[in-house]
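A look at the structure
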Amino acid sequence: MESGIRVLLLTAGLAALSTLSGCATVRSWFHHRPASTDAANQPAPDESEQPSVIEPQVARRTVKVAKIRSSNIELGAEYGALSIEDFGTHPVYGFTAAYHITEDFFFQGEWGRATAGRTSYEVLSGNVALLTQAERRFTYYDLSLGYNFLPGEAFIGRGVAMTSAFYLLGGIGGTDFGGDTKFTVNFGAGYRVVPRDWLAVHVTVQDHIFQSDVIGITKLTNNLEARIGTTVFF
């Protein structure tokens, strides 16, 4: 009889637990199925269904690369004053041509002409003339190597800036003077301002050195020149 009462109480307790809302574990005992059976019943995933890749719709535009105009050749004319040793200072004019190898180095060719005056000896001696009029013509021509050692900008007011550079010159050439042609060494410096991309203004000082025996003794003469000019780039 006691065994029957125990079975009855166990059955009643299980029934009461199954009716409670929080006892999900107990309810699952009655509805339990093997995990292998659930996995077998599920459909296999379709491997062909992949997430789509977003293709950006970008409008392509045509890009035109600008052509940079390269101007390496420079031609121009200059005017100034030339101090011919023993013959005074006189006006000089000439022409220049330059080829810019790089931004720093360039070759420059020059041709210039001036007319020498009378020496102090000729002035004091009256009618004595050491040279004829043709022999007093001072003509030089040389080829120099230039170096832009201080490139920069020149400003006019607050709104105008121009490319500029200090440069050095050195070269060799010849000088026709006194009825003879003398081997000449020249060196100097200059300042260049470029107000437009095709135009430049130069201020140059040079010394033309050669041996001369015009006044009766052979000596090394220094002939200083200062000039201003304009050149055009091609």
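Check the entry above for the structure.
Everything in this summary refers to the structure shown in the same document. Each chain carries its own residue numbering, running from 1 in the direction its sequence is written. Side-chain atom pairs in this predicted model are given and counted only at pLDDT of 80 or more, local residue features only at pLDDT of at least 70, and totals for whole chains, interfaces and linings cover all residues. For the side-chain quantities, the full set of heavy atoms in the structure was used; hydrogens and water were omitted.

**What to know about the pairing of strand β3 (residues 105-115)**
Residues Phe106, Gln108, Glu110, Gly112 and Ala114 of β3 are buried on one face, while the alternating residues Phe105, Phe107, Gly109, Trp111, Arg113 and Thr115, pointing to the opposite face, are not. Two strands pair when backbone bridges link them, and strand β2 (residues 88-100) and β3 are joined in this way by 9 bridges, in the antiparallel orientation. Bridging from a neighbouring strand, Val92 pairs with Ala114 of β3. In this description, strands pair whenever DSSP reports at least two bridges between them. Here a strand is any run of E in DSSP of at least two residues, a helix any run of H or I of at least four, and the numbering for each starts at the N terminus. Where β2 folds back onto β3 in an antiparallel hairpin, the turn is made up of 4 residues. The sheet contact formed by β3 and strand β4 (residues 137-156) spans 11 bridges and is antiparallel. Bridging from a neighbouring strand, Gly112 pairs with Tyr140 of β4. Only protein chains enter the calculation, and the probe is 1.4 Å; a residue is then buried if its accessible area is under 20% of its type maximum, exposed if over 50%, and partly exposed in between.

**Topic: the side chain of Glu74**
Within the secondary structure layout, Glu74 lies in strand β1 (residues 73-84). Of the side chains with opposite charge, Arg192 lies nearest to the buried Glu74, which makes no salt bridge, at 4.2 Å. In this charge count, Lys and Arg are treated as positive and Asp and Glu as negative; neither His nor the chain ends contribute. A carboxyl oxygen of Asp or Glu within 4 Å of a side-chain nitrogen of Lys or Arg is what we treat as a salt bridge.

**Looking at the sheet that holds strand β6 (residues 180-196)**
Within a sheet, neighbouring strands are paired by backbone hydrogen bonds and run either parallel or antiparallel to one another. The strand order around the closed barrel formed by 8 strands is β1-β2-β3-β4-β5-β6-β7-β8, and the pairing between neighbours is antiparallel. On average, adjacent strands in this sheet sit at an angle of 25 degrees to one another, irrespective of strand direction. Relative to strand β5 (residues 160-177), β4 runs antiparallel, the two being bridged by 17 bridges. Each residue of the ladder has a partner; that of Tyr140, found in β5, is Thr175. Interaxial angles span 0 to 180 degrees and are taken between N-to-C directions of axes, which are lines fitted to C-alpha atoms, for helices over the stretch in contact.

**Some details on unusual backbone geometry**
In this structure, Asp86 takes a positive phi of about 75 degrees despite not being glycine. Looking at the element boundaries, Asp86 is found in the loop between β1 and β2. In this structure Asp86 comes out as partly exposed when scored by relative accessible area, which is 34%.

**Details of the environment of His202**
Residue placement: His202 occurs in strand β7 (residues 199-212). Once the C-alpha coordinates of His202 and Phe166 are considered, the two residues, 36 residues apart in sequence, prove to be 9.8 Å apart. Among the polar contacts listed, one links the side chain of His202 to the side chain of Thr231, at a separation of 3.1 Å. In protein, a polar contact means a hydrogen-donor-capable atom and an acceptor-capable atom, both N or O and within 3.5 Å, with residues adjacent in sequence counting only if both atoms are side-chain atoms; elsewhere, any N or O pair within 3.5 Å suffices.

**A closer look at the side chain of Ser212**
Position of Ser212 relative to the elements: it lies in strand β7. Here the side chain of Ser212 touches Val214 through a polar contact of 3.4 Å, landing on its backbone nitrogen. Contacts of Ser212, omitting those with residues within four sequence positions, involve Ile217, Thr218, Lys219 and Thr221. Any two residues whose heavy atoms approach within 4.5 Å at even a single point are treated as in contact.

**Quick notes on the pattern of salt bridges**
Overall, the coordinates contain 6 salt bridges when judged by the stated rule. The shortest N-O distance in the salt bridge between Glu85 and Lys219 comes to 3.3 Å. Of this pair, Glu85 sits in the loop between β1 and β2 while Lys219 sits in strand β8 (residues 219-233), and the two are 134 residues apart along the sequence. Here Lys219 makes a salt bridge to Asp86, at a shortest N to O gap of 2.8 Å. Here the residue Lys219 occupies a position in strand β8, and Asp86 occupies one in the loop between β1 and β2, the gap between them amounting to 133 residues. For Lys219, a relative accessible area of 23% translates into the label partly exposed.

**Some remarks on the nonpolar core**
What we call a nonpolar core is a set of buried Ala, Val, Leu, Ile, Met, Phe, Trp, Tyr and Cys residues that are connected through their side-chain atoms within 4.5 Å. One finds Leu82, Ile84, Phe87, Val92, Ala114, Ala116, Leu131, Phe138, Tyr140, Phe177, Phe210 and Val214 forming the largest nonpolar core, which totals 12 residues. For this core, the secondary structure elements donating two or more residues are β1 and β4.

**Observations concerning the packing of aromatic side chains**
Aromatic contacts are taken between Phe, Tyr and Trp rings whose centres are within 6.5 Å, Trp giving its six-membered ring; a plane angle under 30 degrees counts as stacked, one over 60 as edge-to-face, and the others as tilted. A complete count under the given rule lists 8 aromatic pairs for this structure. With a centroid separation of 4.5 Å and 40 degrees between ring planes, the pair formed by Phe166 and Tyr191 is classed as tilted. Note that Phe166 is positioned in strand β5 and Tyr191 in strand β6, a separation of 25 residues in sequence. When its relative accessible area of 24% is taken as the criterion, Tyr191 is described as partly exposed. Stacked on the ring of Phe106, the Lys or Arg Arg192 has its end atom at 5.3 Å from the ring centre. In this scheme, the term charge over a ring applies when either NZ of a lysine or CZ of an arginine sits within 6 Å of the ring centre and within 35 degrees of the ring normal.

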